[in-house]
Amino acid sequence: MEAKFIVIEGIDGTGTTTQSLRLRNALVARGERCILTSEPTPGPIGSVIRLALGGRLSLCPATNAAPAGEEALYALLFAADRLDHLLNEINPALDAATHVVTDRYYLSSFAYQGTRCDLAWLRQLNARARKPDVTFLFDADPAVCLERIGKERHGRERYETLEHLRAIRDNYLRIAEILRTEGEQIVLIDATKPIEAVHEEILRHVLSADG
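Reading the values: the criteria
- Residues numbered from 1 in each chain as written.
- Predicted model: local features only at pLDDT ≥ 70, side-chain atom pairs only at ≥ 80, totals over all residues.
- Heavy atoms only, no water.
- Axes fitted to C-alpha atoms, helices over the stretch in contact; angles between N-to-C directions.
- Helix = DSSP H or I, 4+ residues; strand = E, 2+ residues; numbered from the N terminus.
- Parallel < 35°, antiparallel > 145°, perpendicular 65-115°, else oblique.
- Left-handed = near helix turned anticlockwise from the far one by under 90°.
- Contact = heavy atoms within 4.5 Å.
- Nonpolar A, V, L, I, M, F, W, Y, C, P; charged D, E, K, R; others polar.
- Phe/Tyr/Trp six-rings, centres within 6.5 Å; stacked < 30°, edge-to-face > 60°.
- Buried < 20%, exposed > 50% of the residue type's maximum accessible area, 1.4 Å probe, protein only.
- Lys NZ or Arg CZ within 6 Å of the ring centre and 35° of its normal.

Visitor: So, the packing of helix H1 (residues 16-29) against helix H8 (residues 195-209): which residues are in play, and what are the values?
Guide: Where H1 contacts H8, the two axes come as close as 10 Å, and the packing angle between them is 50°. Taken together, the axis directions place H1 and H8 in an arrangement best described as oblique. Once H1 is placed against H8, the crossing between them reads as right-handed. Note on element contacts: H8 touches H1 through Ile 195, Glu 196, Val 198, His 199, Ile 202, Leu 203, Val 206 and Leu 207, opposite Thr 18, Gln 19, Arg 22, Leu 23, Ala 26 and Leu 27. Of the residues assigned to the contact of H1 with H8, the class counts are nine nonpolar, three polar and two charged.

Written out as structure tokens, the structure reads:
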């Protein structure tokens, strides 16, 4: 199978991390070379983002910036982390005939930071980002997602409120349609299905796309 760049997207609580791992493991079990990555990355910029998302670091404590200004800082950090991700993990793996499965990519920035930032500006920031071969967009009711988050861990991150998740979900669906019209392959997945059913649907699509 030709090396593919596969992205799994969705609001918090849709199961992107679980399904990314399952897909990587399934491809490896079939004898394929595959790596699993995620955004924000564990790299220097990604680590700053993770601290900020978890409330352990304020991006602009001295200026008390308006929400839109703080969101712009997140957008810039994510774009920089993404370029580092691309140059140091994604491209080298694909060049070495290894599949790449990543839990989130630029559609996340368009959906999350797009609640307060201009989409055209966000797209310009990410203009150098490589287009995925396929993006699987997980969709579920935000109320269901918050319930899942509450069962899995204590505490919530920056975007994990019902109001935020509803706005982000709307952005995901709207922007996915825009990217589809431009030729990107984006597959909508019902993330309320059982875990195994979601996995089988994704794997079937990945394998059939090659054949």
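Structure shown, so let's carry the discussion forward.
Visitor: Quick rundown of the packing of aromatic side chains? Include the residues and the values.
Guide: Each aromatic ring pair is characterised by the separation of its centres together with the angle its planes make. Going through the model one piece at a time under the given rule, you end up with four aromatic pairs. A centroid spacing of 6.1 Å and a plane angle of 85° characterise the contact between Tyr 112 and Tyr 172, whose relative ring orientation is edge-to-face. Here Tyr 172 lies in helix H7 (residues 162-181) and Tyr 112 lies in helix H4 (residues 106-112), a separation of 60 residues in the sequence. The burial state of Tyr 112 is the same as that of Tyr 172; both residues are buried. Here Arg 82 stacks its cationic end above the ring of Tyr 105, 5.7 Å away from the centre of that ring.

Visitor: Quick rundown of unusual backbone geometry? Include the residues and the values.
Guide: At the junction of Glu 39 and Pro 40, the peptide bond is cis and its omega measures out at -5° in the coordinates. Structurally, the position occupied by Pro 40 is in the loop between strand S2 (34-38) and helix H2 (44-53). The residue Ala 97 is not glycine, and still its phi comes out positive at about 60°. Position of Ala 97 among the secondary structure elements: in the loop between helix H3 (67-95) and strand S3 (99-103). Despite not being glycine, Arg 104 has its phi angle at roughly 90°, a positive value. Following the sequence through the fold, Arg 104 ends up in the loop between S3 and H4.

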